[in-house]
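Results of the structural survey
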Amino acid sequence: MNNGMSSQEHAGNEWEEVFVREFEVFVDEGIFVALPCDMEGGTQGTSFNDAVYMAADWLRDAALASLAKGKALPGGALGHVPQYGGRVIAVAVLAGRDDIPAMTAADAARALNVSTARVAQLCKAGKLDSWRVGATRMVSKESVEMRKILAQREEALGERSRASHVGLAAAG
């Protein structure tokens, strides 16, 4: 259960949850804005219906991110009152870990050019989002891609640092 506002269904080998959150939809400068009532963020659309569909997409992405991190999705209370003169609507989405683009830990190790033991360390440290499916550790592709970007930045900073030390040594 997720803050009392979701339910789980078993479909084959997959556990899915229904996530329900309220959004206030209002017009601001000709744009339909959809803000979750008790979460950070939001989205927008070109019409009321478009904003509602965008809110559902936003909520599904937020739900998948929380599932990948193994954390509860914030919020979940119902009965909000409009704060911006709009309409409060309830949005429900179905999401499960099987919906998260993922790879095995071995594939993550190859993608990151590290050992599987290093992948396990990164998962344990919370630097890669992972979970188990039976005996197999799955790692979200998004967290692997983010780790690649961080590694490239760290490498570039290290090269700049080495270059400045070489420059200082040559000048000294």
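Attention here is on the structure that accompanies the text. No experiment lies behind these values; they were computed from the predicted model shown.

1. Here we look at helix H2 (residues 105-112)
Along H2, the residues classified as buried are Ala105, Ala108, Ala109 and Leu112. One side of H2 carries all its buried residues, which in axial view fall inside an arc of 100 degrees. Where H2 terminates, the next one or two residues include Asn113, which has phi positive at roughly 60 degrees.

2. A word on the pattern of salt bridges
It is possible for side chains bearing opposite charge to pair when their charged atoms get close. The final tally for this structure, using the stated rule, is 4 salt bridges. The residue Arg60 makes a salt bridge to Asp99 at a minimum N-O spacing of 3.1 Å. Of this pair, Arg60 sits in helix H1 (residues 48-69) while Asp99 sits in the loop between strand E5 (87-96) and strand E6 (102-104), placing them 39 residues apart in sequence. Judged by its relative accessible area of 26%, Asp99 is partly exposed. For Lys148, the salt bridge goes to Glu145, with nearest N and O atoms at 3.5 Å. Of this pair, Lys148 and Glu145 both sit in helix H4 (residues 141-171), 3 residues apart, which is roughly one turn of the helix. Given a relative accessible area of 28%, Lys148 falls into the partly exposed group.

Conventions used here
- Think of each chain on its own: its residues are numbered from 1, step by step along the sequence as written.
- A pLDDT threshold of at least 70 governs which residues receive local features in this predicted model, and a stricter bar of 80 or more applies before side-chain atom pairs are shown or counted, although totals over entire chains, interfaces and linings include all residues.
- Side-chain calculation: all heavy atoms of the structure are included, whereas hydrogens and water are not.
- Burial classes follow relative accessibility: with a 1.4 Å probe on protein chains only, a residue under 20% of its type's maximum area counts as buried, one over 50% as exposed, and anything between as partly exposed.
- Helix and strand assignments follow DSSP, with helices taken as H or I runs no shorter than four residues and strands as E runs no shorter than two, numbered in order from the N terminus.
- To obtain the arc, one takes the directions from the helix axis to the C-beta atoms.
- We count a salt bridge whenever a side-chain nitrogen from Lys or Arg sits within 4 Å of a carboxyl oxygen from Asp or Glu.

Spatial relationships are all this shows, so hold off on functional conclusions.
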